[in-house]
Amino acid sequence: MLVKAGRIAEDAFTPVADGDELPDAPVIVSLKRFLAEHDSILARRQPLGVRLESGESPQELQPYLSELAVVVLHIPAFRDGRAFSAARLLRTRLGYGKEIRLTGHFLLDQIAFYTRVGVDAFDVAPNISVADIQTALHEISDVYQPSVDGRVTIRDLRTRRTTVPPS
């Protein structure tokens, strides 16, 4: 089930395994396949997504990011935090402004943190409810560190409070 902005969304993309024929539709392919076949895949003129495994660098996509509709970050185990870095790198250093989707093994407790670094879509298990997602998205009320989401930090709030002249 695909969730965007806390709501169930239609997924127009079909994940395609390496070696399988590409349908005439939006697809998501592995980084390995994309790098090997990028000219023919891009010539299809269909929306395209690339899946990165946690050991693969988003910097390999830099020359092609303007051509991609979605970058999928796959997490093999919830303990693997490399997707946090990959999402932030895509948003900040590489300037990717389209969809970053998370798939694989992540916890509801991590969703708010992933949105902070730029993930905006989650492929969640069907047993997860929209209410669970909504709760997870609003789990963090105040933040200490600045991040991609641009939220005001606690330090900034304190600074504002101390610089406001008394009435």
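Quick summary incoming for the structure in this document. Just so it is clear, the structure is predicted and the values come from calculations on it, not from any experiment. (Residues numbered from 1 in each chain as written. Predicted model: local features only at pLDDT ≥ 70, side-chain atom pairs only at ≥ 80, totals over all residues. Heavy atoms only, no water.)

1. Some points on the overall build of the protein
Rules: Numbering of helices and strands runs from the N terminus; a helix is a DSSP stretch of H or I covering at least four residues, while a strand is a stretch of E covering at least two. Each residue gets one of three labels from its accessible area relative to the maximum for its type: buried under 20%, exposed over 50%, partly exposed in between, using a 1.4 Å probe on protein chains only. We call two residues in contact when some of their heavy atoms are within 4.5 Å. Only the protein chains shown count as cover for residues, and the accessible areas themselves come from Shrake-Rupley with a 1.4 Å probe. Positive charges are assigned to Lys and Arg, negative charges to Asp and Glu, while His and the chain termini are left out of the count. To locate a charge, the coordinates of NZ of Lys, CZ of Arg, CG of Asp or CD of Glu are taken.
Scanning the protein for helices and strands turns up five helices and eight strands. Scanning the protein from its N terminus toward the C terminus, one meets helices and strands in the order β-β-β-β-α-β-β-α-β-α-β-α-α. For the protein, the C-alpha atoms occupy an extent of roughly 70 × 35 × 25 Å along the three principal directions. A buried classification covers 40% of the 167 residues belonging to the protein. Within the protein, counting contacts between residues at least 6 apart in sequence, those at least 24 apart form 49% of the total. Only carbon and sulfur atoms are counted for the fraction: they give 51% of the accessible area of the protein, which is about 9700 Å². Positive and negative side-chain charges of the protein, numbering 20 and 22 respectively, have mean locations separated by a distance of 9 Å.

2. Some words on the pairing of strand 7 (residues 99-104)
Stated precisely, the cut-off is as follows: Pairing between two strands is assigned when DSSP locates at least 2 bridges connecting them. With strands facing away from the observer, any crossover in which the path from the first strand over the helix to the second runs clockwise is taken as right-handed.
Burial runs high along strand 7: five of the six residues are buried. Relative to strand 7, strand 6 (residues 70-75) runs parallel, the two sharing six bridges. Residue pairing in the sheet places V70 in a bridge with E99 of strand 7. Where strand 7 meets strand 8 (residues 121-123), two bridges bridge the pair, whose relative direction is parallel. Across the sheet, residue R101 finds its bridge partner in strand 8, namely A121. The β-α-β motif built from strand 7, the intervening helix 3 (residues 108-116) and the parallel element strand 8 has right-handed crossover chirality.

3. A closer look at the sheet that holds strand 6
What counts, and what does not: In this analysis, axes come from line fits to C-alpha atoms, helices being fitted only over the stretch in contact, and the angle between any two N-to-C directions falls in the range 0 to 180 degrees.
With mixed pairing, the eight strands of this open sheet are ordered in space as 2-1-8-7-6-5-4-3. Among the strands making up the open sheet, the edge pair consists of strand 2 (7-9) and strand 3 (14-15). Against the sheet, helix 2 (residues 82-91) contacts strand 6 and strand 7, and its axis sits at roughly 165° relative to strand 6.

4. Describing the environment of H138
Turning to its location among the elements, H138 is positioned in the loop between helix 4 (130-137) and helix 5 (154-163). Take H138: its relative accessible area is 57%, and that puts it in the exposed class. In this structure, the C-alpha to C-alpha distance between H138 and G97, residues 41 residues apart in sequence, is 22 Å.

5. What about the nonpolar core?
Spelled out, the test is: The definition of a nonpolar core used throughout is a set of buried Ala, Val, Leu, Ile, Met, Phe, Trp, Tyr and Cys residues joined through side-chain atoms within 4.5 Å.
Among the nonpolar cores identified, the biggest contains 38 residues, and F34, L61, L68, V71, L73, L102 and Y114 are the most heavily contacted of them. Elements that contribute at least two residues to this core include exactly strand 4 (27-30), helix 1 (31-43), strand 5 (48-52), strand 6, helix 2, strand 7, helix 3 and helix 4. At five residues, helix 2 tops the list of elements feeding residues into this core.

6. Quick look at the packing of helix 3 against helix 4
Any two packed helices are characterised by how steeply their axes cross, that is the angle between the axes, and by the distance between the axes. The condition that has to hold: In this scheme, roughly parallel covers angles under 35 degrees and roughly antiparallel covers those over 145, while 65 to 115 is roughly perpendicular and the rest are oblique. By definition, turning the near helix anticlockwise from the far helix through less than a right angle yields a left-handed crossing, and turning it clockwise yields a right-handed one. In the scheme used here, Gly and all other residues not listed as nonpolar or charged are polar, with Ala, Val, Leu, Ile, Met, Phe, Trp, Tyr, Cys and Pro taken as nonpolar and Asp, Glu, Lys and Arg as charged.
For the pair helix 3 and helix 4, the least separation of the axes is 7 Å and the interaxial angle reads 50°. With respect to each other, helix 3 and helix 4 are oriented oblique. Of the two possible hands of crossing, helix 3 and helix 4 adopt the one that is right-handed. Along its contact with helix 3, which presents L108, I111, A112 and T115, the element helix 4 presents D132, I133, A136 and L137. Residue composition of the contact of helix 3 with helix 4, by class: six nonpolar, one polar and one charged.

Keep in mind these values describe shape, not function.
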